[in-house]
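Spelled out, the chains give:
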Amino acid sequence: MSEKENMLAGLFYSSADPELTQARQAARRLLWQYNATDPADEEKREELCQKLFGKFGKNVIIEPPFYCDYGSQIYFADRVFINFNCTILDCAKVEIGEGTMLGPNVQIYTATHPLEPKARREGKEFAAAIKIGKNVWIGGGAIILPGVNIGDGAVIGAGSVVTKDVPAYAVVMGNPARKKRQFYDFQQ
C-alpha cells in the first residue's frame with residue numbers, strides 16, 4: 001500500500017512521502033489564496049473551498065485565517081460556521097455536521113504519533129477520524145483529539161481538551177473534558 005493509503009487506513013505512514021508532501025503543498029497554496037481573499041469576494045472564497053475540501057455544504061462560513069493539512073479529508077455539511085484561526089489536521093476524515101459552530105482558535109487533530117521513541121525517530125505517525133454531529137457548539141480554544149466522535153447538539157466548553165467521545169446533547173468542559181450536564185432537544 002502507498003503511504004497515503006496507509007494514512008487513510010489509520011496505519012503507520014511517513015508524512016515525508018513525496019505524494020503526501022505534494023498534496024499538502026497544493027492545500028497550502030489554496031489556503032494562502034483563501035486567507036488573503038477580500039472578505040467581500042464570496043464567490044472566490046466559495047470557488048477555493050470547493051477545490052480544497054472533500055465536501056463543502058451550502059452556507060458554510062470559514063473566517064480566515066484557516067489552516068489544514070490536506071483539505072480533501074474535511075467534509076462540511078450545510079450551515080457550518082468556523083471562526084477565526086481554526087486548525088484542522090485532516091490526515092484522516094473529519095466530518096462536521098449541519099448547523100455546527102466552532103469558536104475562534106479551535107483545533108481538530110486526527111494526526112498523532114507513536115508512544116515508542118524509536119518509531120517517532122523513524123518519522124512514523126498515524127491518524128484516526130473525527131466525527132462532529134449536527135448543531136454542535138465548540139467553544140473557543142477547544143482541542144479535539146484523534147478518534148473522537150461528538151454527538152448531535154453537544155456543547156464543548158471553551159478551552160476544553162476532548163480526549164474521548166461526547167454523547168449527544170452533553171455539555172463537556174475541562175482538561176480533559178468531562179460531562180457536566182446532559183440535556184435533550186425536545187424541538188428536534
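Structure first, text after, so check above.
Predicted model only: the values in this text are computed from it and were never measured.

Definitions and limits used
Residues numbered from 1 in each chain as written. Predicted model: local features only at pLDDT ≥ 70, side-chain atom pairs only at ≥ 80, totals over all residues. Heavy atoms only, no water. Pairing = 2+ DSSP bridges. Helix = DSSP H or I, 4+ residues; strand = E, 2+ residues; numbered from the N terminus. Disulfide = S-S within 2.5 Å. Buried < 20%, exposed > 50% of the residue type's maximum accessible area, 1.4 Å probe, protein only. Core = buried A, V, L, I, M, F, W, Y, C linked by side-chain atoms within 4.5 Å. Contact = heavy atoms within 4.5 Å.

Peer 1: Help me understand the sheet that holds strand E11 (residues 111-112) in this model?
Peer 2: To summarise the sheet geometry, strands pair through backbone hydrogen bonds and adopt either a parallel or an antiparallel arrangement. Spatially, 3 strands are ordered E1-E12-E11 in an open sheet, and the strand pairing comes out antiparallel. Here the strands that pair on one side only, and so sit at the sheet edges, are strand E1 (13-14) and E11. Summarising the sheet, E11 and strand E12 (residues 124-127) pair through 2 bridges and their orientation is antiparallel. Residue pairing for E12: Ala111 is matched across the bridge by Ala127.

Peer 1: Could you clarify how one ought to interpret the pairing of strand E19 (residues 170-173) in this entry?
Peer 2: Regular strands place their side chains on alternate faces of the sheet. Here strand E17 (residues 155-156) pairs with E19 via 2 bridges, running parallel. Each bridged residue has a counterpart across the sheet, and for Val155 the counterpart in E19 is Val171. Hairpin connection between E19 and strand E20 (residues 178-182): a loop of 4 residues separates the two successive antiparallel strands, and Gly174 in this loop has a positive phi of roughly 105°.

Peer 1: What exactly am I supposed to notice about the state of the cysteines here?
Peer 2: In a disulfide, the sulfur atoms of two cysteines are held together by a covalent bond. Taken as a whole, this structure holds 0 disulfides when the rule is applied. We note that Cys86 lacks a disulfide partner, and the nearest cysteine sulfur, in Cys68, lies 9.2 Å from it. With no disulfide of its own, Cys91 lies closest to Cys68 among cysteine sulfurs, the gap being 10 Å. Residue Cys91 is classed as buried on the basis of its relative accessible area, which comes to 2%.

Peer 1: Looking at this structure, how should I read the nonpolar core?
Peer 2: Note that soluble globular proteins tend to have their nonpolar side chains buried in a common cluster. With 39 residues, the main nonpolar core has Ile62, Phe66, Phe76, Ile108, Ile138 and Ile150 as its most contacted residues. Listing elements by their share of this core, those giving two or more residues are helix H2 (18-35), helix H3 (42-52), strand E4 (66-68), strand E5 (74-76), strand E7 (86-89), strand E8 (94-96), strand E13 (130-132) and E19. At 4 residues, H2 tops the list of elements feeding residues into this core. In this structure Ile108 touches Thr87, Ile88, Leu89, Val94, Ile96, Leu102, Ile130, Ile132 and Ile144, once residues within four positions along its chain are discounted.

Peer 1: What exactly am I supposed to notice about the environment of Val94 here?
Peer 2: By the secondary structure assignment, Val94 is in strand E8. Setting aside residues no more than four positions away along its own chain, Val94 makes contact with Gln73, Ile74, Tyr75, Ile88, Ile108, Thr110 and Ile130.

Shape descriptors only; they carry no functional weight alone.
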